[in-house]
Amino acid sequence: MQQLEVLTHQARALANGTLPSSEAELEVARQMQICNACRYCEGFCAVFPAMTRRLEFGKADVHYLANLCHSCGACLHACQYAPPHEFALNVPQAMAQLRGQTYAEYAWPFAFGALYRRNGLTLALALAAGLALFLLLALLVKGSLLNPPLPGGFYAVFPHNFLVSLFAPVFLFATLALGLGLRKFWSDVSPARSSEGSTAKSVVREAVLEAASDVLLLKYLDGGHGEGCNNEDDRWTLWRKRFHHATFYGFVLCFAATGVATLYHYLLDWHAPYALSSLPVVLGTAGGVGLLIGPTGLLWLNLLRHPLHGDPAQKPMDRAFIALLFLCSSTGLALLMWRDAPAMTLLLALHLGVVMALFLTLPYGKFAHGFYRSAALLKAALERRMPSNLRLGGD
Ligand code: SF4
Ligand code: SF4
């Protein structure tokens, strides 16, 4: 009778499409079943405590766990069942492979996600070069690529309204694509359950604060013991956390610089070019330096990475994101340094092309993981505040 119930349950799940079906989903589910019996790695990150709240791993569960993992490698180096053991457990790699699949699956429009996943590096660089070339040709039609110092700065080359008409749709498209992807991910991994439906507001507030702090401090990149992740071998290092911080806060500062400049322009009627000591330039310079150091360091760690960590097929996509961030900051800082030089128009076209390519590709790779991971951390923080559905022992 019990067996019939199990079979009925599985048949229903299969019909609803809630069972893992792809190779990557099935592999994560298989490995989580083994880990759930072992539980040695429970203190390493948020994945293992979330795993212990489940006995079965459906499609939504494995998508959630894959985005909760940040590929620190700790559970591979600690595992007695890692290759060459016949169980061949490699949680970081299985999670990374599935994570890559989720970027494409939740992407909007879907075709862009699949294209970027297959040809990330080529696509990103071709897009940046193509857009820069387009702007350079536009300048050539107008006159020369080199110019004497221009009193109106950048806006004497490309008028402010032209830049707004170029960048506003790109920014809105990236925001919309990220928002739709995130909504799809959240509605998949957090199906409404009666126990979650009645969550008190104070609990939600606490969970949001905890998840925000985990995201801002990159808590789990310290390996759960404060000494860091594994990168090329079984030694711990905090460099991954430091370079992620430099990249993340570099991006935030650059974004803040653009925001402040927009407020200056529209609210205060103060127009660029701004002095070197002005707030937008100071924020942009600090952000640019962060975006030089962070991506350079991440690329260095990526090249040294243990071959069993991560998904080799995703390396071009990861490096594309790193390359675009680096090109954004290097061309931006060069533009600041030579903004009164004849080469300013050339640098401006290059910088704008790279920034536009970065925004167009943001929803389809590593950047999107930041959003899915934040959502997964929020779900983990919410789950921790609820009684377990398993109702075992101390629950
Ligand atoms: S990764 Fe290995 S050691 Fe860690 S919980 Fe899973 S089976 Fe156990
Ligand atoms: S690789 Fe790191 S983050 Fe991912 S499951 Fe293992 S210990 Fe957790």
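Let us look at the structure shown here. Computed from a predicted model, the values in this text were never measured in an experiment.

Procedures and definitions
Residues numbered from 1 in each chain as written. Chains lettered and ligands numbered in written order. Predicted model: local features only at pLDDT ≥ 70, side-chain atom pairs only at ≥ 80, totals over all residues. Helix = DSSP H or I, 4+ residues; strand = E, 2+ residues; numbered from the N terminus. Buried ≥ 20, exposed ≤ 12 C-beta atoms within 10 Å, placed from the backbone. Contact = placed C-beta atoms within 7 Å. Near = placed C-beta within 6 Å. Nonpolar A, V, L, I, M, F, W, Y, C, P; charged D, E, K, R; others polar. Expected span 1.5 Å × (residues − 1). Core = buried A, V, L, I, M, F, W, Y, C linked by C-beta atoms within 7 Å. Domains from an automatic or database assignment. Axes fitted to C-alpha atoms, helices over the stretch in contact; angles between N-to-C directions. Parallel < 35°, antiparallel > 145°, perpendicular 65-115°, else oblique. Left-handed = near helix turned anticlockwise from the far one by under 90°.

## Regarding the overall build of the protein chain
Then, in step 1: What the protein chain contains, in helices and strands, is 16 helices and 2 strands.
Then, in step 2: Taking all 395 residues of the protein chain together, 38% fall into the buried category.
Then, in step 3: Within the protein chain, contacts between residues separated by at least 24 positions form 75% of all contacts whose residues are at least 6 apart in sequence.

## Some words on the site of ligand 2
Then, in step 1: Near ligand 2 there are 14 residues, and of these C45, C69, C72, C75 and P92 occur at the shortest range.
Then, in step 2: Mapped onto the shell around ligand 2, the elements with two or more residues apiece are α5 (74–77) and α6 (91–106).
Then, in step 3: A total of 3 residues in the shell around ligand 2 trace back to one element, the largest contributor, which is α6.
Then, in step 4: When the residues that make up the shell around ligand 2 are grouped by side-chain class, the tally is 11 nonpolar, 3 polar and no charged.

## Remarks on the site of ligand 1
Then, in step 1: Surveying the vicinity of ligand 1 reveals 13 residues, the closest of which are C35, C38, Y40, C41 and C79.
Then, in step 2: In terms of residues, the shell around ligand 1 owes the most to one element, helix α2 (residues 23–38), which gives 3 residues.
Then, in step 3: Class assignment of the residues belonging to the shell around ligand 1 gives a composition of 11 nonpolar, 1 polar and 1 charged.

## Quick look at helix α13 (residues 279–304)
Then, in step 1: Between the first and last C-alpha of α13 there are 38 Å, a value that for 26 residues agrees with the 38 Å anticipated at 1.5 Å per step.
Then, in step 2: Buried within α13 are the following residues: P280, L283, G284, G287, G288, G290, L291, L292, G294, P295 and L298.

## Some words on the nonpolar core
Then, in step 1: Of all hydrophobic cores here, the largest spans 95 residues; its most connected members are V28, L65, L68, L324, V354 and A357.
Then, in step 2: For this core, the element with the most residues is helix α15 (residues 344–361), which contributes 12 residues.
Then, in step 3: Looking at which domains feed residues into this core, each of domain 1 (2–105) and domain 2 (107–381) supplies at least three.

## Section: the environment of E105
Then, in step 1: Relative to the elements of secondary structure, E105 occurs in helix α6.
Then, in step 2: By C-beta crowding, E105 is classed as partly exposed, having 18 other C-beta atoms within 10 Å.
Then, in step 3: Separated by 76 residues in sequence, E105 and G181 have C-alpha atoms that sit 8.7 Å apart.

## Describing the packing of helix α11 (residues 201–217) against helix α16 (residues 366–384)
Then, in step 1: Axis separation between α11 and α16 bottoms out at 8 Å; the angle between their running directions is 135°. On the basis of their axis angle, the class for α11 and α16 is oblique. Judged by the sense of rotation from one axis to the other, the crossing of α11 with α16 is right-handed. On α16, the residues that touch A207, V208, E210, A211, D214 and V215 of α11 are S374, L377, L378, A381 and L382.
Then, in step 2: Within the contact of α11 with α16, the residues separate by chemical class into 8 nonpolar, 1 polar and 2 charged.

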